[in-house]
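Chains, contacts and geometry: an overview
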Amino acid sequence: MNKIITKSYTQFNEEENFLSETLFHNANGYIGVRGSLEEGVKNGVDTMRGTYINGFYDIIPMKQAEMLCNFVDKKETMLNVADTMSISCIVDGELFDLNSGKVISHKRTLDMEKGITKRDIVWESSTGKQVEINVTRMTSFEMLSLFSIEYKVTALNFSGDIKFISTHNPDVTNYSNPKDPRLASESLKNLEVKDFYLDGKSSIAISETSVSKLRMCSLVHNSLYAEDNSLLKVEVSDIIGMQGVYTAGATVKKGGSTRLVKLSIFADSVRSKDLSGKVLGDLETILENGLDHYYKAQEKYMSDFWTNCEMEIDGDLDMNSAVSFNMYELLQSSAKDSFASIAAKGMSGEGYEGHYFWDTETFIMPFFTLTNPDLSKMLLRYRYSTLSKAKENARLLGHKNGALFPWRTITGRECSGYFVSGSAAYHINADIAYAFINYYITTSDLDFMREAGMEVLMETSRLWMDLGCYDSNGNFCLNVVTGPDEYTCMVNNNYYTNAAAKYNLNWAVKMHDILKEAGFAGEIDKKLSITEDELKSFKKAAGKMLLLYDSKLGINPQDDSFLNKPLWDLENTPKENFPLLLHYHPLHLYRYQVCKQADTVLSYFMFENEQPRDVMKRSFEYYEKITTHDSSLSTCVFSIVASRLGMKEKAYSYFGDSAKLDLMNTHNNTKHGIHTANMGGCYMAIVNGFAGLRVLEDGISLAPSLPDSWNGFRFKLVYKKKLIKVTIDKEKVTVELLEGSSQNIKIFSKEYTLTKGEKTTVKMED
Ligand code: BGC
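Attention in this report is confined to the structure presented alongside it.

Okay, the site of the ligand next. Taken together, Ala 344, Tyr 352, Phe 357, Trp 358, Asp 359, Trp 407, Glu 486, Lys 596, Gln 597, Ser 631 and Leu 633 form the complete shell of residues around the ligand. One of the side-chain nitrogen or oxygen atoms of Trp 358 is found 2.9 Å away from an oxygen atom of the ligand. Here Asp 359 contributes a side-chain N or O atom positioned 2.5 Å from an oxygen atom of the ligand. Looking at side-chain class alone, the shell around the ligand contains 6 nonpolar, 2 polar and 3 charged residues.

For Thr 760, the location among the structural elements is in strand β31 (residues 759-763). Taking relative accessible area as the criterion, Thr 760 reaches 14% and is therefore assigned buried. Linking Thr 760 and Val 733, residues 27 residues apart in sequence, is a C-alpha distance of 8.1 Å. Excluding residues within four positions of it along the chain, Thr 760 makes contact with Val 733, Thr 734, Val 735, Tyr 752, Thr 753 and Leu 754.

All right, on to the nonpolar core then. Residues Phe 655, Phe 713 and Phe 715 are the most contacted members of the largest nonpolar core, which totals 154 residues. The residues that make up this core include at least three from each of domain 1 (4-60 + 73-282) and domain 2 (372-559). Counting residues in each nonpolar core, the second largest holds 60 residues, with Ile 60, Val 81, Cys 89 and Leu 188 among its members.

Let us now look at the pairing of strand β19 (residues 244-252). In this structure, strand β13 (residues 160-168) lies alongside β19, joined through 9 bridges in antiparallel fashion. Each bridged residue has a counterpart across the sheet, and for Ile 162 the counterpart in β19 is Ala 250. Where strand β18 (residues 234-236) meets β19, 3 bridges bridge the pair, whose relative direction is antiparallel. Its bridge partner lying in β19, Glu 235 is registered against Thr 247.

In this section: a negative patch on the surface. On the surface, Asp 513, Glu 517, Glu 532 and Asp 533 cluster together into a negatively charged patch. Elements represented by at least two residues in the negative patch include exactly α10 (495-517) and α12 (532-544). With respect to the element layout, Glu 532 can be found in helix α12. Accessibility expressed as a relative area gives 48% for Glu 532, which makes it partly exposed.

What follows concerns the sheet that holds strand β8 (residues 94-95). With antiparallel pairing, 5 strands are arranged side by side in an open sheet as β8-β7-β13-β19-β18. With partners counted over all chains shown, the strands left at the sheet margins are β8 and β18, one partner each.

Calculation notes
Residues numbered from 1 in each chain as written. Predicted model: local features only at pLDDT ≥ 70, side-chain atom pairs only at ≥ 80, totals over all residues. Heavy atoms only, no water. Near = heavy atom within 4 Å. Polar contact = N/O pair within 3.5 Å; in protein donor to acceptor, adjacent residues only side chain to side chain. Nonpolar A, V, L, I, M, F, W, Y, C, P; charged D, E, K, R; others polar. Helix = DSSP H or I, 4+ residues; strand = E, 2+ residues; numbered from the N terminus. Buried < 20%, exposed > 50% of the residue type's maximum accessible area, 1.4 Å probe, protein only. Contact = heavy atoms within 4.5 Å. Core = buried A, V, L, I, M, F, W, Y, C linked by side-chain atoms within 4.5 Å. Domains from an automatic or database assignment. Pairing = 2+ DSSP bridges. Patch = residues over 30% accessible without salt bridge, like charges linked within 9 Å, V, L, I, M, F, W, Y side chains within 5 Å. Areas by Shrake-Rupley, 256 points an atom, 1.4 Å probe, with all protein chains shown as cover. Salt bridge = Lys/Arg side-chain N within 4 Å of Asp/Glu carboxyl O. Lys, Arg positive; Asp, Glu negative; His and termini not counted. Charge placed at Lys NZ, Arg CZ, Asp CG, Glu CD.

Honestly, that's just the spatial picture; any functional story needs more than this.
This is the structure we're talking about:
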């Protein structure tokens, strides 16, 4: 039962409703539909009523107060594409609404086994007529273009008429909130309806974006069923203004019901040429198969998903459902083709405008690489397809060589207007390189490295060489960059960035050696104009990379000025002043030792071998005191590193903050969308943290510890096409090879060989 999440409501509450729109959204990586009420809300009530297509965008001006040289002056933004979720229900002459009549019960459900959401309401009209309303919504994983709503009404204590008005409205705008820098400040109307017509019983709207000139199409089709499943009449009025209006009604007996099935189908010109042909073709297939076919397919898809990435916590039901929720949301958010990626808020809302950040590669991709490497490959393919734009971006910033991936984007161009904590975050280059390397280490997919990975490693390395310089002591330095911590910007030798760049440079050389060994050097050198001298220069820079160390404190300073700044007085900062970014000018924040999120601490997870354990421990304790975790990308990292440093209780406490962030709305902004990076981080906190999984060049290893409140936990992972199951309880670790003939693994530093069908069991260590 831990894969079902429900919330019950007593009466309509604006804030709660806004939050539920996120928690109960439906998405399949192609379309995302907010869980807004079918019947809508009263005018003036805050709501983000949106439907989105991953990778579908328009270009809007980026206002810069002072337009300095090569500043970004436009950005891509995700659009709300249509409202096809609206359905009004009239119960014997009275309009159903949560603010009128009497709401006897209202429950919302996310069923992660079936891949659907539900609303179950018992409502009494002002004249005492009671109905039960059951609404099921799905965005299909089998037919990515399909969003369906099934709306069933049962007359509980009367016989009478149930009428539906179902609409198709392609004339929509985006949500905005000028008070929050994480949202668009102006409401957008960038989609113009070019054609809106009826085709038989369906309405079809074709819209075009104002600047990118992309087109998208939405089709709506309604069917009404009587209790015996016979079809009833649905009237489609001519398109009036910008609304396609369907009316249908049934007379039901006491205890009887009627059911409206609304199908919405979407297509876009990023992926298809003949948009109306595509939606009509999909509709034909869907009607032929019937909706039940898609429900079954959805359940099967979910069952395969949960089997592949099985993750169970024994002894903590709440945590178990929080973790399942996070994994489910990652599946909903991830593109299923290489035209798009995973937005910071997935497809659940407009926060961060549908942009892709380093969140995907650093926090989310590790989950897919270990459970569904093909999906990771697709996401990497998407990044690879943007490499030429990353080269253009590098030129804009003055680099003669290499590629610089943008801080936030949809198609690959930089969409960050505030370069200080945007474009200056050069570490994204190494984060993307790291994801390619991690994918290779986990899968041994050399073909993909030959096709794409090597080029990414080369171009990112070239950028480091162009950016960096040697100081008078012969150290290789990276100056004026912003590390992961956005409360400290434009610094020299950010520890994380330097360590990440070092890894990037070393791996460019190593991957070249591997490809050379496999006989591909000639081809690769020609394609990428690689010379021996260039590779030598990478090796030298990596070897001389400055990784700061402060011998007085025995820690790694975050950058070369960090420790000279005064400490921010966190203890006496009023609670209501968090997150600090909403209460203090950035310049003020930059002048203190205060961190928004894990920075140096993150490097201890990703580049663990750079420092001895005692340095990492002292640094962890130092940064812990000055980190606010105002970014959702933080507590998960502290949890992983605490686990690795043997701080069991801390690891669990940070993990708890991360696991429940969206379900409990602890950052108070889940209403604008989920935090996908944190969700991936929560997975890593279990697998890489508690289980101590390391996937390195020389093999895989486990060093588990079990949170005191758990009886145990288990998960599966795919390593070099071998499926491995790990079960940890208070006494022992059991590892089983489910697919593949044999595999070596280290458990608590000792090497074991797994053979299919046999379990390897090792005693837990303290
Ligand atoms: C974080 C970034 C992150 C972005 C999108 C910001 O608040 O500081 O690290 O990439 O959110 O999730």
